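# Descriptive analysis of the structure
Each chain is listed here by its residues.
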Amino acid sequence: MATLVETMSMARPEPDEPMAWIENGRGPISRGVVERFSSQGAHVRIAGESSLEPGDDVELRLSFDRDEPTLAATAKVIFTQETEGGESECELEWTHSGPEREQLEAVIAARG
């Protein structure tokens, strides 16, 4: 079992990688690195075990820059999979609209 420090270092190995905190209301908050993202959704590599399951409606906080506030989002879990090394990954599809979606779209466009 990984220590808290090891889990945190797995979750953010590079300072410029976008981070996600994902909550499904059933288990602990899952933390991970956003490996890919678009206007439709994101692929997240999660450090440690996760209670996320396909079909879950989730709430997220996204961090694209340590010096900027996090962004709020909601999504549906489309796919989950265990990976080697005790991690998991998931595919998310955005379900939110309004100002939060506009903020996310602006970040996506800026990071192109």
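Quick notes on the rules
Residues numbered from 1 in each chain as written. Predicted model: local features only at pLDDT ≥ 70, side-chain atom pairs only at ≥ 80, totals over all residues. Heavy atoms only, no water. Helix = DSSP H or I, 4+ residues; strand = E, 2+ residues; numbered from the N terminus. Buried < 20%, exposed > 50% of the residue type's maximum accessible area, 1.4 Å probe, protein only. Contact = heavy atoms within 4.5 Å. Core = buried A, V, L, I, M, F, W, Y, C linked by side-chain atoms within 4.5 Å. pLDDT = per-residue confidence, 0-100. Salt bridge = Lys/Arg side-chain N within 4 Å of Asp/Glu carboxyl O. Polar contact = N/O pair within 3.5 Å; in protein donor to acceptor, adjacent residues only side chain to side chain.

Broken down by element type, the protein carries two helices and six strands. Each helix and strand of the protein, placed in order from N terminus to C terminus, yields the pattern α-β-β-β-β-β-β-α. Looking at the protein as a whole, 36% of its 112 residues are labelled buried. At a minimum sequence separation of 6, the contacts of the protein that also span at least 24 residues come to 49%.

Below, the discussion takes up the nonpolar core. The tendency in soluble globular proteins is for nonpolar side chains to be buried as a group. Core analysis: the largest hydrophobic core is formed by 20 residues, its most contacted members being Ile22, Val44, Leu60, Leu62 and Leu92. Only strand 1 (19–23), strand 3 (41–46), strand 4 (57–63), strand 5 (71–82), strand 6 (88–94) and helix 2 (99–111) provide two or more residues apiece to this core.

Take the confidence of the model for the protein next. Of all residues in the protein, 87% have pLDDT values of 70 or greater, and the mean over the chain is 85. Scored below 50 in pLDDT, residues 1–13 makes 19 contacts in the model with residues more than four places away or belonging to other chains.

Take the pattern of salt bridges next. Applying the stated criterion to the full structure yields six salt bridges. For Asp56, the salt bridge goes to Arg26, with nearest N and O atoms at 3.0 Å. Placement of Asp56 in the loop between strand 3 and strand 4 and of Arg26 in the loop between strand 1 and strand 2 (30–37) is noted, with a sequence separation of 30 residues between them. The residue Asp57 makes a salt bridge to Lys76 at a minimum N-O spacing of 3.0 Å. With a gap of 19 residues between them, Asp57 in strand 4 and Lys76 in strand 5 connect regions that are remote in the sequence. Judged by relative accessible area, which is 28%, Lys76 ranks as partly exposed. Beyond isolated ion pairs, a larger network of salt bridges with shared partners links Arg26, Glu53 and Asp56.

On to the side chain of Ser30. Mapping Ser30 onto the fold places it in strand 2. Here Ser50 takes part through its side chain, which lies 3.2 Å from a polar atom of the side chain of Ser30.

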